[in-house]
Amino acid sequence: MTDTALRPDSKTEHPALARRSKVERVRSRPVQLALNVLQRTWLIVVVFAIWWVATADSSNVFIPSLESILASLGRDLSNGVIASGAAYSLGNLASGLLIAVAVGIIGGLILGETKRLREIVDPVIHFFRSVPQAALVPLIIGAFGIGQGPKIYTIAFACMWPVLLNTIDGVLGVEPTIRKFSKVYRIPRGLHFRKVVLPAALPQIVAGVRVALPIGITVMVVSELFAANKGLGFYILNSSATFQVPETWAGALLVGVIGYILSLLFIVLERRILGWYFKSGAK
Amino acid sequence: MKTGTKSLDWSLTSQRLLAVAILLAIWQVVIWSGTLPSMTPGVPAIASSIGGALASATFWSALVQTMTAAVSGWLIAVVTGTVLGLLIGSVRALDRSTSILIDFGRSFPVLALMPVVIMLLGATAQMETVVVALSCLWPVLVQTIYGARRMESAVVDTVRIFQIPAFLRFRRVLLPSATPFIATGIRISASISILVAVGVEVLSQTPGIGRQITLAQQAQRWDSAFAYLFFAGLVGWGIASLLHFAEGRILKWNRQTND
């Protein structure tokens, strides 16, 4: 209703503008939908087709045919070799991320609310954030061994900073009027955090977790590429060390697909958690 | 007001130094308490290693190698990402067609490809540059696409009605409106470039800071491993602050209108 009222009448519209909208109106809805899907998917199909054809009779040992990559991927997925490794890796990722989110949110809420403390530790935080996550792996694994714990800590350490910094930003973005309200009505500290600051900062926090997710996946794989006896990274490293080239490719490809799926899942999750936020018109 | 901020800054700096000192003290106490594995070095050992590294030629050549790979990969990514991004962002059909591919690429952990990349290109500096460029490309690309896409409809309509020539439109309308987004992408990818360069060196033993860290760890020289880690963090931090500063200067007009 308001939408049409805001738009200029089509009769008064400039012909150059009217032209485009007319073309769009001609097509029926199912056709439009099919065209949309086609438009979004053709390129990825073409890329895979080219890859398939170009490597079909590849004589280079290091570039196996896509067919053999997919075959070994299918075989190791069905006989459980990759599946157990993936479960192990993803378990580490989940625990690490969980720790990072918990520590990041709590720390971010505290630092966001206390200006002085934030200013004092600001350089320290930015320094730790800039430490290359992959370079931590040899130190932590060297010191604590190749077990599960050190891997989880490394993931947690690397993922914590984006969550922390975004939470701080989110807390700072709380509407000043609302903050004053909360103060004037003497809302207890715990309630203030839980009902005022946390919801207001949530969109930023979720954005921070979205940034942390690919970092976590990278650290997960790197920690296993460096030293491990199971997991996805171990599968990749082990197959490359034993010259099972298709398996190496298959493992790397699988990590990519998992990364993509996780980021898609996260968008779904984000829509659920922040439904109210997107509904309110924010983009 | 002016003098007030000056004296306040002074006390802030001293408090910041105090915070760092407290952190280091906690570190040292933890070492003494023996909760950490015995090889973890204490603060004095790391400090003397940092001093030693500054005086050694190995450190400087490692730093130069890391920086060269990081910066060249980053530059390649910035140029390719901006050009491709402007193209994709301003052509709607192209934008839709590439969206899945780009989403896939940006969520792909490039470091997971390392064994494959090492097989194909060997553990060389060129390989390192390629991996850095591949990792840095996505933030620049995605940000540029956002920037090119996001134009106010009033501006779009005006440009179309006045039939502004394509090149003029590109230079005067598209580029300025996309620049803040591109700048953010460039800044993000600059930090990524160092992270990835060091990561590649850790995994592939390509010469540089990352390799020095693994070498030191394998030789049980933990103090120098921590010293190199410190420098790696310092470089990343320095680059991030520098670009933040530069972005603030160059894009002053944008910040002012936004605030």
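Parameters at a glance
Residues numbered from 1 in each chain as written. Chains lettered and ligands numbered in written order. Predicted model: local features only at pLDDT ≥ 70, side-chain atom pairs only at ≥ 80, totals over all residues. Heavy atoms only, no water. Helix = DSSP H or I, 4+ residues; strand = E, 2+ residues; numbered from the N terminus. Rg over C-alpha atoms; globule rule 2.2 N^0.38 Å. Phe/Tyr/Trp six-rings, centres within 6.5 Å; stacked < 30°, edge-to-face > 60°. Buried < 20%, exposed > 50% of the residue type's maximum accessible area, 1.4 Å probe, protein only. Contact = heavy atoms within 4.5 Å. Patch = residues over 30% accessible without salt bridge, like charges linked within 9 Å, V, L, I, M, F, W, Y side chains within 5 Å. Areas by Shrake-Rupley, 256 points an atom, 1.4 Å probe, with all protein chains shown as cover. Salt bridge = Lys/Arg side-chain N within 4 Å of Asp/Glu carboxyl O. Buried area = accessible area lost by both parts, 1.4 Å probe. Disulfide = S-S within 2.5 Å. Core = buried A, V, L, I, M, F, W, Y, C linked by side-chain atoms within 4.5 Å. pLDDT = per-residue confidence, 0-100.

**Digging into the overall build of chain B**
Looking only at helices and strands, one finds eleven helices and zero strands in chain B. The helix and strand sequence of chain B, counted from the amino end, reads α-α-α-α-α-α-α-α-α-α-α. Its C-alpha atoms give chain B a radius of gyration of 23 Å, more than 25% over the compact-globule value 18 Å for 259 residues. In terms of its C-alpha atoms, chain B occupies a principal-axis envelope of roughly 75 × 60 × 35 Å.

**Structural notes on the packing of aromatic side chains**
The tally for this structure, following the rule as stated, stands at 15 aromatic pairs over all chains. Ring centres of Phe127 of chain A and Phe230 of chain B lie 5.5 Å apart, and the angle between their planes is 45°; this geometry places the pair in the tilted category. Pair noted here: Phe127 of chain A is in helix H6 (residues 115–130) and Phe230 of chain B is in helix H10 (residues 222–250), and the two residues belong to different chains. Classification of Phe127 of chain A by relative accessible area gives buried; the value is 17%. A relative accessible area of 29% places Phe230 of chain B in the partly exposed class. On the basis of an interplanar angle of 65° and a centroid distance of 5.8 Å, the ring pair of Phe104 of chain B and Phe108 of chain B is categorised as edge-to-face. Residue class for Phe108 of chain B comes out buried when judged on its relative accessible area of 14%.

**Remarks on unusual backbone geometry**
Positioned with a positive phi, Phe243 of chain A is a non-glycine residue whose angle comes to about 60°. Summarising the element assignment, Phe243 of chain A is placed in the loop between helix H11 (232–241) and helix H12 (245–273). Backbone geometry places Gln163 of chain B, a non-glycine residue, at a positive phi of 50°. Of note, Gln163 of chain B is situated in the loop between helix H7 (153–161) and helix H8 (166–204).

**Quick word on the side chain of Ser182 of chain A**
On the secondary structure map, Ser182 of chain A appears in helix H9 (residues 176–184). Here Ser182 of chain A is in contact with Ile187, His192 and Val196 of chain A, once residues within four sequence places are set aside.

**As for a nonpolar patch on the surface**
A surface patch of nonpolar side chains, about 510 Å² in accessible area, is lined by Phe181, Val184, Tyr185, Ile187 and Leu191 of chain A. With respect to the secondary-structure elements, Val184 of chain A resides in helix H9.

**What to know about the interface of chain A and chain B**
A common way to state how big an interface is: give the accessible area lost once the parts meet. On the chain B side, the residues contacting the 54 residues of chain A number 51 residues. Here chain A meets chain B over a buried area of about 4,900 Å², counting both sides, of which 76% is carbon and sulfur. If you sort the residues of chain A by the area they bury against chain B, Arg40, Leu139 and Tyr260 of chain A come out on top, with a joint share of 13%. For the interface between chain A and chain B, the tally reads zero salt bridges.

**Section: the pattern of salt bridges**
Within this structure, the stated rule accounts for ten salt bridges over all chains. Two residues, Glu270 of chain A and Arg210 of chain A, come together in a salt bridge whose shortest N-O distance is 2.6 Å. In this pair, Glu270 of chain A sits in helix H12 while Arg210 of chain A sits in helix H10 (residues 189–226), placing the two residues 60 residues apart along the sequence. Here Arg210 of chain A falls in the partly exposed class, since its relative accessible area comes to 40%. Ionic pairing is found between Arg221 of chain B and Asp223 of chain B, a salt bridge with its closest N-O pair at 3.3 Å. It is possible to trace a salt-bridge network through shared partners that takes in Arg75, Asp76 and Glu247 of chain A.

**Quick word on the state of the cysteines**
Throughout the structure, instances matching the rule amount to zero disulfides over all chains. Summary of cysteine pairing: Cys136 of chain B is not part of a disulfide, and the nearest cysteine sulfur, belonging to Cys159 of chain A, is at 19 Å. With a relative accessible area of 0%, Cys136 of chain B lands in the buried category.

**Quick notes on the nonpolar core**
Of all hydrophobic cores here, the largest spans 105 residues; its most connected members are Leu232 of chain A together with Leu111 and Val131 of chain B. With 13 residues, the top contributor of residues to this core is H10 of chain A. Among all residues touching Leu232 of chain A, those that are not within four sequence positions of it are Ile82, Gly85, Ala86, Ser89, Met220, Glu224, Leu254, Val255 and Ile258 of chain A. Core analysis: the next-biggest nonpolar cluster, separate from the first, contains eight residues, Leu86, Val173, Ala178 and Ile182 of chain B among them.

**Thoughts on the confidence of the model for chain A**
Residues and elements named next belong to chain A. Across chain A, the average pLDDT comes to 83, with 89% of residues at or above 70. Mean pLDDT values for the elements of chain A range from 40 in helix H1 (residues 2–6) up to 92 in helix H5 (residues 81–113). Confidence over residues 1–12 falls short of pLDDT 50; this stretch has one contact with residues more than four positions distant or in other chains.

**Remarks on the environment of Asn229 of chain A**
Residue and element names in this part refer to chain A. For Asn229, the location among the structural elements is in the loop between H10 and H11. The sequence separation of Asn229 and Ile146 amounts to 83 residues, and the corresponding C-alpha distance is 8.0 Å. In this structure, Asn229 is in contact with Ile146 and Phe234, ignoring residues within four places of it in sequence.

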